[in-house]
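So you can see what is in the structure, the chains are spelled out below.
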Amino acid sequence: MAIEKTLAERYQAIQTRIRQTAERIGRDPAEITLVGVSKTWPTEKLRAAYAAGLRHFGENRAHELTEKAAELATDCPDIIWHFIGHLQTRQSQPIADHGHLFHGADRPKIIGRLGRQLNENGRQLQTLLEVNVSGEASKGGFPAHNWQEDNVQQQALKQAVQLTTEQNGLKLQGLMTMAPWGAPAEEIRQIFSQTRQLRDWLAAETDIDLPILSMGMTDDFEIAIEEGATHVRVGRAIFGDRQYN
Ligand SMILES: *Cc1c(COP(=O)(O)O)cnc(C)c1O
């Protein structure tokens, strides 16, 4: 059981770092949710993380989330499933059926599609708009690298908020972003700070409360907490290095 012990220790170490970072800047650690990103890992690993205390699991492939949700339904009944990243339209049904928090609302089409599916199954799905604040072409999300100046970006973002709130089954809760891979800490901090400011602006403009900020991964979650993250998505630091993806 050496592997499970290691995983439990890693999980505890991340929780400790989250708490210490929050306390250092005067935030309540209870405001911050650790989403363990379990993508690519077999369910034995998820069971070990669950036994260690993890309840929020993040996946980025619809079929993988479906299989894992089915396998773990009996033994790990209170798992909260997060879908992180890009969701193809034709693969949205499993997220409508099993997802709790969808971090990847990155275009009107997926918002409308999930809205219709949730009307049919009667579920509620908490939803975050994914915003591309870094402007990297490789990143998904609503374009937002110039949201303070660019009226087109501003209008599209406000329309995305409206469209999401029009779907009865979707509960819009905030924004998700990703920092550039391997960028200097100050650049990463800028991206997270901009995302928080964008959240504040959008909430004021639309008069809709947007309490959740999903930002920060293994290499930058402490910066994200300093800049206001309420959800950090940590994979490698808990589960180890992935073979792919
Ligand atoms: C894989 C992934 C993560 C976790 O990344 P780590 O570097 O393993 O912590 C977080 N967010 C998204 C959107 C991801 O795809």
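Residues numbered from 1 in each chain as written. Predicted model: local features only at pLDDT ≥ 70, side-chain atom pairs only at ≥ 80, totals over all residues. Heavy atoms only, no water.

A.B. asks: It is not clear to me how unusual backbone geometry should be interpreted in this structure. Could you clarify?
C.D. replies: Excluding glycine, most residues fall at negative phi; most peptide bonds, likewise, are trans. Here the phi dihedral of T40 falls at roughly 75°; this positive angle occurs in a residue that is not glycine. Within the secondary structure, T40 is located in the loop between β1 (33-37) and α2 (43-52). A positive phi angle is found at D207, which is not glycine, with a value near 60°. Tracing the chain through its elements places D207 in the loop between α7 (185-206) and β8 (212-214). (Helix = DSSP H or I, 4+ residues; strand = E, 2+ residues; numbered from the N terminus.)

A.B. asks: Just checking my understanding: could you explain the side chain of S214 for this structure?
C.D. replies: The topology assignment puts S214 in strand β8. Accessibility expressed as a relative area gives 0% for S214, which makes it buried. A distance of 2.9 Å separates polar atoms of two side chains, one belonging to S214 and the other to H103. Non-local contacts of S214, meaning those with residues more than four positions away in its chain, are made with H103, L128, L175, M176, T177, H231 and R233. (Buried < 20%, exposed > 50% of the residue type's maximum accessible area, 1.4 Å probe, protein only. Polar contact = N/O pair within 3.5 Å; in protein donor to acceptor, adjacent residues only side chain to side chain. Contact = heavy atoms within 4.5 Å.)

A.B. asks: What am I meant to see in the packing of α2 against helix α3 (residues 62-72) here?
C.D. replies: Two packed helices can be described by the angle between their axes and the distance between those axes. Where α2 contacts α3, the axes come no closer than 11 Å and their chain directions differ by 60°. Judged by the inter-axis angle, α2 sits oblique to α3. The handedness of the crossing between α2 and α3 comes out as right-handed. On the side of α2, the interface is formed by T43, L46 and R47, while α3 contributes K68, E71 and L72. (Axes fitted to C-alpha atoms, helices over the stretch in contact; angles between N-to-C directions. Parallel < 35°, antiparallel > 145°, perpendicular 65-115°, else oblique. Left-handed = near helix turned anticlockwise from the far one by under 90°.)

From the geometry alone we can't say anything about function, so treat these as descriptive.
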